[in-house]
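Given next are the chains, with one letter for each unit.
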Number of protein chains: 2
Amino acid sequence: MMEESTLDKLIRMNLLVDFYGQLLTERQRQVLSYYYEDNLSLGEIANELKVSRQAVFDLLKRVEKLLEGYEGKLGLVNRWQTERAKLLQTVGEMKEALAKRDWNNIENAVQSFAKMVEEGRV
Amino acid sequence: MMEESTLDKLIRMNLLVDFYGQLLTERQRQVLSYYYEDNLSLGEIANELKVSRQAVFDLLKRVEKLLEGYEGKLGLVNRWQTERAKLLQTVGEMKEALAKRDWNNIENAVQSFAKMVEEGRV
């Protein structure tokens, strides 16, 4: 199950569970939590649940596919990430204007932030 | 089907469809769209779909329940509304500081906004 970038995968799964976890069964969430939060190995989870290592592997793969399926349909993680990027950029612009003590800059940053919020783009 | 506050209901259904609509079937989305977007009556939708008025009524009720069920589990509309309220409040504070041309106020507003974003509260 080790991916090229384990950290990216971990972050991805955390986000997917955060948004869609409640659509999973208790058992599915439990296995995800063992693997991605408690960092147990497949063998350790298998021991814990009294099932085969292969069963744990299959369940993990199936649940990841389920979560990615929800994201494919609803795209709420993607929407959240896009909005978050905009907010972080806005914060950056405002902090820069503050550092420069530039009133015009801060005024522009606030206006464009206000427009973004009012138009529902974040 | 007329509710005490039709507008509130309309806004609610729009939000629910916006977040969870892709979990519905094509036909379920179609009926919602006839009713809530095109503003067709139950009778008109029944004619359109060659089913009884009662069948349309039942389908609408079932779909509303489905959507509220997803929201009950995932709470993403609620999360979005809470975050949106915070953003609108932040915009209000910043605009007020701009109007007063008060540098300390704007500095505080930006810092608390930055903290909010960085801590993932919006």
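Rules of the game
Residues numbered from 1 in each chain as written. Chains lettered and ligands numbered in written order. Predicted model: local features only at pLDDT ≥ 70, side-chain atom pairs only at ≥ 80, totals over all residues. Heavy atoms only, no water. Least-squares fit on C-alpha atoms with pLDDT ≥ 70 in both. Contact = heavy atoms within 4.5 Å. Core = buried A, V, L, I, M, F, W, Y, C linked by side-chain atoms within 4.5 Å. Buried < 20%, exposed > 50% of the residue type's maximum accessible area, 1.4 Å probe, protein only. Domains from an automatic or database assignment. Phe/Tyr/Trp six-rings, centres within 6.5 Å; stacked < 30°, edge-to-face > 60°. Helix = DSSP H or I, 4+ residues; strand = E, 2+ residues; numbered from the N terminus. Salt bridge = Lys/Arg side-chain N within 4 Å of Asp/Glu carboxyl O.

Draft legend 1. Spatial organisation of the relation of the copies chain B and chain A. Superposing chain B onto chain A takes a rotation of 180° combined with a translation of 0.1 Å along the rotation axis, leaving an RMSD of 0.1 Å. Put plainly, the chains are arranged around a two-fold axis. Taken together, the interface assignments show that 100% of the residues at the interface of chain B recur at the interface of chain A, consistent with an identical surface on both copies.

Draft legend 2. Representation of the nonpolar core within the structure. Judged by nonpolar contacts, the single largest core of 49 residues is most densely connected at Tyr20 of chain A together with Tyr20 of chain B. Excluding its chain neighbours within four sequence positions, the residues that come into contact with Tyr20 of chain B are Leu74 of chain A together with Leu67, Tyr70, Glu71, Leu74, Gly75, Leu76 and Val77 of chain B. Counting residues in each nonpolar core, the second largest holds 28 residues, with Met94 and Ala109 of chain A together with Leu98 and Val122 of chain B among its members.

Draft legend 3. Representation of the domain arrangement of chain A in the model. Domain boundaries in chain A define domain 1 (6-74) and domain 2 (78-118). Spacing between the C-alpha centres of domain 1 of chain A and domain 2 of chain A amounts to 36 Å.

Draft legend 4. Representation of the packing of aromatic side chains in the model. In the structure shown here, the tally under the stated rule is ten aromatic pairs over all chains. Between Phe19 of chain B and Tyr20 of chain B, the aromatic rings sit 6.3 Å apart at their centres with planes inclined by 50°, giving tilted as the arrangement. A residue is classified by how much of its surface remains accessible, and Phe19 of chain B, at 5% relative accessible area, is buried. Judged by relative accessible area, which is 0%, Tyr20 of chain B ranks as buried. Each ring, one from Tyr20 of chain B and one from Tyr70 of chain B, has its centre 6.0 Å from the other, and the planes form 35°; the classification is tilted. With Tyr20 of chain B in helix H1 (residues 6-20) and Tyr70 of chain B in helix H4 (residues 53-74), this pair connects stretches of sequence that are 50 residues apart. We note that Tyr20 of chain B, like Tyr70 of chain B, is buried. Three or more aromatic residues link up through ring pairs in this structure, and these residues are Phe19, Tyr20, Tyr70 and Trp80 of chain A.

Draft legend 5. Focus on the pattern of salt bridges. With the rule as written, the count across this model stands at 18 salt bridges over all chains. A salt bridge links Lys61 of chain A to Glu64 of chain A; the shortest N-O distance between them is 3.6 Å. On the criterion of helical spacing, the pair formed by Lys61 of chain A and Glu64 of chain A is a turn pair, its members being three residues apart in helix H4 (residues 53-74). Judged by its relative accessible area of 34%, Lys61 of chain A is partly exposed. Arg12 of chain B is the partner of Glu68 of chain B in a salt bridge, and the nearest nitrogen-oxygen pair spans 2.8 Å. Here Glu68 of chain B, found in helix H4, pairs with Arg12 of chain B, found in helix H1; they are 56 residues apart in sequence, far enough to count as distant. Take Arg12 of chain B: its relative accessible area is 27%, and that puts it in the partly exposed class. Each of Lys9, Lys61 and Glu64 of chain A takes part in one network of salt bridges that share partners.

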